[in-house]
Amino acid sequence: ENEFGKKWDKKAPIKLCDYAFFGIPKKESEQVVILNQVLISDVNIGYESFTNIKVLKVNDTEILNLSHLVTVITEAAVAASTEFITVHLEQDHLIIIDINQAREKHAEILRQNNIPSDISDDLKKHVQTG
């Protein structure tokens, strides 16, 4: 309701309404995870047109819900075995993130967009530091 207001079902993109009204979870913990927007930065040039699109997988892991997404990205970011995180979106779109570049730009992106925290308090418990 936040982005589209009280009459969100009249204002939101049709695909988002479809997920809200007709999305049937395969598992009890499953939720639709939507990439709302990509914040502009040198680290993600070319991806800024992706808006309101469903996140399917990160690397080879199918995403079940938002807390699972946080866990999978955090684990991939601390793993020494990979330099990149690949986010698979619907419509066969991919976002490939260089982990080291993302770390370098992280605070700057938050500051430029007046974002006080990179994660909500309820999701912090899913973040593991390595």
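Everything below is about the structure shown above.
Conventions we followed
- Residues numbered from 1 in each chain as written.
- Predicted model: local features only at pLDDT ≥ 70, side-chain atom pairs only at ≥ 80, totals over all residues.
- Heavy atoms only, no water.
- Helix = DSSP H or I, 4+ residues; strand = E, 2+ residues; numbered from the N terminus.
- Buried < 20%, exposed > 50% of the residue type's maximum accessible area, 1.4 Å probe, protein only.
- Contact = heavy atoms within 4.5 Å.
- Areas by Shrake-Rupley, 256 points an atom, 1.4 Å probe, with all protein chains shown as cover.
- Expected span 1.5 Å × (residues − 1).
- Pairing = 2+ DSSP bridges.

A. Here's a closer look at the overall build of the chain. When its secondary structure is counted, the chain shows four helices and five strands. For the chain, the N- to C-terminal ordering of α and β elements is α-α-β-β-β-α-β-β-α. The burial tally for the chain puts 29% of its 130 residues in the buried class. Long-range pairs, those at least 24 residues apart, make up 50% of the contacts in the chain between residues at least 6 apart in sequence. Of the roughly 9,200 Å² of accessible surface on the chain, a fraction of 51% belongs to carbon and sulfur atoms.

B. Just unusual backbone geometry, in detail. A positive phi angle, close to 50 degrees, is found at N52, a residue other than glycine. Tracing the backbone through its elements, the reader meets N52 in the loop between strand 1 (34-35) and strand 2 (53-58). We note that Q91 has phi near 65 degrees; this positive angle belongs to a residue other than glycine. Among the secondary structure elements, Q91 is positioned in the loop between strand 4 (84-89) and strand 5 (94-98).

C. Layout of helix 3 (residues 66-78). For helix 3, built from 13 residues, the straight-helix expectation of 18 Å at 1.5 Å per residue is met to within 8% by its first-to-last C-alpha distance of 19 Å. Along helix 3, the residues classified as buried are S67, L69, V70, T71, V72, T74 and A76. Elements that come into contact with the buried residues of helix 3 comprise strand 2, strand 3 (61-62), strand 4 and helix 4 (99-112).

D. Just the pairing of strand 2, in detail. As defined by bridge partners, strand 1 adjoins strand 2 across two bridges and the pair is classed as antiparallel. Bridge pairing links I34 to K54 in strand 2. Alignment of strand 2 against strand 4, held across three bridges, turns out to be antiparallel. Counterpart to K57 in the pairing with strand 4 is H88. Here strand 2 folds back onto strand 3, and the loop between the two strands holds two residues, one of which, N59, carries a positive phi near 55 degrees.

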